[in-house]
Amino acid sequence: VQLVESGGGLVQPGGSLRLSCAASGFTFSRYIMSWYRQAPGKERELVAAITSAGGITNYADSVKGRFTISRDNAKNTVYLQMNSLQPEETALYYCRIRFHGVDYWGKGTLVTVSS
């Protein structure tokens, strides 16, 4: 199982970024995919999740209405569109899959929200 995140960077407050997570090593279309983030000095937290066919999504209260998770099963990729970003959302963003009872994580992509 391999997960590779990309799309992070420096963005001004109120700006937008689109993260991608490319997956391999398993049948992507059969599994729930999730995005998490970990800010400096804080615990990792769930940001959003999406079911295998993309029909159901779930979001942390803090990002509802601003973030959108989606997936392209033909490309084995899950996305996180982030709008109206705030400085407190500076963090490493990770994608995750639970595969055969084991959690797999990518190395993360850094999002820095600063003016």
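Below is a short write-up of the structure.

Things to note about the overall build of the chain
Turning to step 1, where the next piece is worked out: Helix and strand content of the chain: 0 helices and 11 strands.
Turning to step 2, where the next piece is worked out: Written out in order from the N terminus, the α and β elements of the chain read β-β-β-β-β-β-β-β-β-β-β.
Turning to step 3, where the next piece is worked out: Whereas a compact globule of 115 residues would reach a radius of gyration of roughly 13 Å, the chain reaches 13 Å, a difference of no more than 12%.
Turning to step 4, where the next piece is worked out: Expressed as lengths along the three principal axes of its C-alpha atoms, the size of the chain is roughly 40 × 25 × 25 Å.
Turning to step 5, where the next piece is worked out: Across the 115 residues of the chain, 40% fall into the buried class.

Digging into the pattern of salt bridges
Turning to step 1, where the next piece is worked out: All chains considered together, the criterion is met by 6 salt bridges.
Turning to step 2, where the next piece is worked out: The partner of Arg66 in a salt bridge is Glu89, and the shortest N-O contact between them spans 2.5 Å. Of this pair, Arg66 sits in the loop between β6 (57–59) and β7 (67–72) while Glu89 is found in the loop between β8 (77–82) and β9 (91–99), placing the two residues 23 residues apart along the sequence.
Turning to step 3, where the next piece is worked out: Residue classification places Glu89 among the buried positions, given a relative accessible area of 4%.
Turning to step 4, where the next piece is worked out: Three or more residues joined by partner-sharing salt bridges are found here, namely Arg37, Glu45, Arg66 and Glu89.

Topic: the environment of Tyr94
Turning to step 1, where the next piece is worked out: With respect to the helices and strands, the residue Tyr94 is situated in strand β9.
Turning to step 2, where the next piece is worked out: Tyr94 sits 21 residues away from Ser115 along the chain, and the two C-alpha atoms are 23 Å apart.

With respect to unusual backbone geometry
Turning to step 1, where the next piece is worked out: A positive phi angle, near 55 degrees, is found at Asn76, a position not held by glycine.
Turning to step 2, where the next piece is worked out: In this fold, Asn76 is placed in the loop between β7 and β8.
Turning to step 3, where the next piece is worked out: With phi around 50 degrees, His100 is a residue other than glycine that occupies positive phi space.
Turning to step 4, where the next piece is worked out: Looking at the secondary structure, you find His100 in the loop between β9 and β10 (102–105).

Conventions adopted
- Residues numbered from 1 in each chain as written.
- Predicted model: local features only at pLDDT ≥ 70, side-chain atom pairs only at ≥ 80, totals over all residues.
- Heavy atoms only, no water.
- Helix = DSSP H or I, 4+ residues; strand = E, 2+ residues; numbered from the N terminus.
- Rg over C-alpha atoms; globule rule 2.2 N^0.38 Å.
- Buried < 20%, exposed > 50% of the residue type's maximum accessible area, 1.4 Å probe, protein only.
- Salt bridge = Lys/Arg side-chain N within 4 Å of Asp/Glu carboxyl O.

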